[in-house]
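# Structural description and commentary
Now for the letters of each chain:
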Amino acid sequence: MPLLPMGPMLRHARANRYGIAAYNMIDFNSARAIIDGATALDAPMIVQVSVKTVKHWGAKHVATWVRMLANDAPVPVALHLDHCTDVDVIRRCIDAGWTSVMFDGSALPFAENLATSQQVYALTEAAGIGLEAEIGAIGGVEDDKVVNDDQSRLANFDECVAFVRDMPNLAVFAPAIGTAHGFYKGEAKIAYDLLDRITQTISIPIALHGGTGLTEEQFHRCIALGCGKVNISTMHKSLFIDGFINLRAEKPKMAEPLPFIDAQHAAMKADVMQCIRIFGSDGRAQAALAA
Ligand SMILES: [Zn+2]
């Protein structure tokens, strides 16, 4: 089916207390593994792309690959731009056919983040696509941005309420709640009371960033509290590399590349399917589509 905006499916996920996986694709094979995993379990899926990856391949090529794969898939797929600080890149992706984008103004002072998020909101509303916006500072490494532990800061509750007030149709809201990008050093310390307070007041689905390395219990608790979108990037990147390396270690002399592509695909798809089951989005494709 054609690429869809993620807002309606995320609202369905939040209302029915399951999470839609949002995987950061790397190349065509990775996008294929993500969508094949979703198809195998009849799950809605968000294929998201980092700004670095968009710049590497070009927005048009990425959109063409994902559109082509989504067109042949029986499940709803959204194409989303992850953490973008540059409004020009957002415009380019909208023009290339992205069905949702994230503006990340978390490094800006609150008023400036709000003003720019509202500008991008106007763009996405005009294009009929979804917007994700962030406040607070999520720790870890995302693209080339490093947020150290002492720089990461939880979202402020009153700022969250003020932030979303004039953006009622925001597809998903990303307040920093203690999760981080990359692999965790210890167990992630999630601010459940803040998340609970936010979701009791704000009905917009919440994005859970930094999903790699969270425990099943942490996923379940966050989803139960209103996280409708669950981001997985680091694990996917790691399997993308390991899929090749592990087969090479087993078959040092093999010169045919397609089995390596298949091994990579299998490793990524298995992880996608495992996460879909944990997030409870298996079997939800048709209901999410009707939402
Ligand atoms: Zn993130």
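Please refer to the structure placed before this passage.
Not measured: the values here are computed from a predicted model.

## What about the overall build of the protein chain?
Helix and strand content of the protein chain: 12 helices and 11 strands. For 291 residues, the compact-globule estimate of 2.2 N^0.38 gives 19 Å, and the protein chain sits close to it at 18 Å. The principal-axis extent of the C-alpha atoms belonging to the protein chain is close to 60 × 40 × 35 Å. Burial statistics for the protein chain: of 291 residues in total, 56% are counted as buried. Counting only contacts in the protein chain whose residues sit at least 6 apart along the sequence, the fraction spanning at least 24 positions is 74%.

## Observations concerning the sheet that holds strand E6 (residues 139-142)
Adjacent strands of a sheet form backbone hydrogen bonds with each other and so pair up, either parallel or antiparallel. Taken in spatial order, the three strands make up an open sheet running E7-E6-E9, and their pairing is mixed. The open sheet has two edge strands, strand E7 (145-147) and strand E9 (180-181), and neither has a second partner. For E6 and E9, the ladder comprises two bridges, and the chain directions are parallel. Looking across to E9, one finds that Gly139 is bridged to Ala180.

## A few points about the pairing of strand E3 (residues 77-84)
Counting buried positions along E3 gives eight out of eight residues, so the element sits mostly inside the fold. Of the strand pairs in this sheet, strand E2 (residues 45-49) and E3 are connected by five bridges, and their pairing is parallel. Bridge assignment links Val47 to a residue of E3, and that residue is Leu79. Summarising the sheet, E3 and strand E4 (residues 100-103) pair through three bridges and their orientation is parallel. Looking across to E4, one finds that Leu81 is bridged to Val101. At this point the chain moves from E3, through helix H5 (residues 87-96), to the parallel E4, and the crossover so formed is right-handed.

## With respect to helix H10 (residues 234-250)
For H10, which comprises 17 residues, the first-to-last C-alpha distance of 24 Å matches the rise-based estimate of 24 Å (1.5 Å per residue) to within 8%. Along its length, H10 reaches its greatest deviation from straightness, about 30°, at Asp242. Every buried residue of H10 is accounted for by Thr234, His236, Leu239, Phe240, Gly243 and Leu247. As for H10, its buried residues are in contact with strand E1 (20-24), helix H2 (28-40), strand E11 (227-232) and helix H11 (258-279).

## Notes on the side chain of His80
Considering the arrangement of structural elements, one finds His80 in strand E3. Look at His80 and you get buried, because its relative accessible area is 0%. Not counting residues up to four positions away in its chain, the partners in contact with His80 are Met6, Ile46, Val47, Gln48, Val49, Trp98, Ser100, Val101, Met102, Glu132 and Lys229.

## What about the coordination of the zinc ion?
Six octahedral donors around a metal ideally sit at 90 or 180 degrees from one another, while four tetrahedral donors ideally sit at 109.5 degrees. Distances from the zinc ion to its protein donors, namely His83 (NE2), His181 (NE2) and His209 (ND1), fall within the range 2.0 Å. Considered as a linear motif, the donors of the zinc ion on their single chain read H-x97-H-x27-H. With His181 in strand E9 and His209 in the loop between strand E10 (206-208) and helix H9 (216-224), this pair connects stretches of sequence that are 28 residues apart. When sorted by exposure, His181 lands in the same class as His209, which is buried.

## Some remarks on the packing of aromatic side chains
Following the criterion strictly, the structure yields six aromatic pairs and no others. Considering the side-chain rings of Phe244 and Phe260, the 6.1 Å spacing of their centres and the 15° angle between planes classify their relative orientation as stacked. Of this pair, Phe244 sits in helix H10 while Phe260 is found in helix H11, placing the two residues 16 residues apart along the sequence. Looking at Phe244, the relative accessible area reads 33%, which means it is partly exposed. By the ring-pair criterion, three or more aromatic residues cluster together here, those being Phe28, Trp57 and Trp65. The positively charged end of Arg221 is found above the aromatic ring belonging to Tyr192, 3.7 Å away from the centroid.

## Details of the state of the cysteines
Such a bond, covalent and formed between the sulfur atoms of two cysteines, is termed a disulfide. Considering all chains together, one arrives at zero disulfides under this definition. Free of any disulfide, Cys93 has its nearest cysteine sulfur in Cys84, 6.8 Å distant. Left unpaired, Cys227 is separated from the closest cysteine sulfur, that of Cys222, by 4.9 Å. Of the residues examined, Cys227 reaches a relative accessible area of 0% and is grouped as buried.

## Comments concerning the side chain of His236
With respect to the helices and strands, the residue His236 is situated in helix H10. A residue is classified by how much of its surface remains accessible, and His236, at 0% relative accessible area, is buried. Engagement of the side chain of His236 in a polar contact is seen with the side chain of Ser30, the distance being 2.9 Å. With residues near it in sequence (within four places) discarded, His236 still touches Tyr23, Asn24, Met25, Ile26, Ser30, Ile34 and Met268.

How each quantity is defined
- Residues numbered from 1 in each chain as written.
- Predicted model: local features only at pLDDT ≥ 70, side-chain atom pairs only at ≥ 80, totals over all residues.
- Heavy atoms only, no water.
- Helix = DSSP H or I, 4+ residues; strand = E, 2+ residues; numbered from the N terminus.
- Rg over C-alpha atoms; globule rule 2.2 N^0.38 Å.
- Buried < 20%, exposed > 50% of the residue type's maximum accessible area, 1.4 Å probe, protein only.
- Contact = heavy atoms within 4.5 Å.
- Pairing = 2+ DSSP bridges.
- Right-handed = clockwise from strand over helix to strand, strands pointing away.
- Expected span 1.5 Å × (residues − 1).
- Bend = angle between axes of the 7 residues up to and from the residue.
- Donors = N, O, S within 2.8 Å, 3.2 Å for Na, K, Ca; no water.
- Phe/Tyr/Trp six-rings, centres within 6.5 Å; stacked < 30°, edge-to-face > 60°.
- Lys NZ or Arg CZ within 6 Å of the ring centre and 35° of its normal.
- Disulfide = S-S within 2.5 Å.
- Polar contact = N/O pair within 3.5 Å; in protein donor to acceptor, adjacent residues only side chain to side chain.

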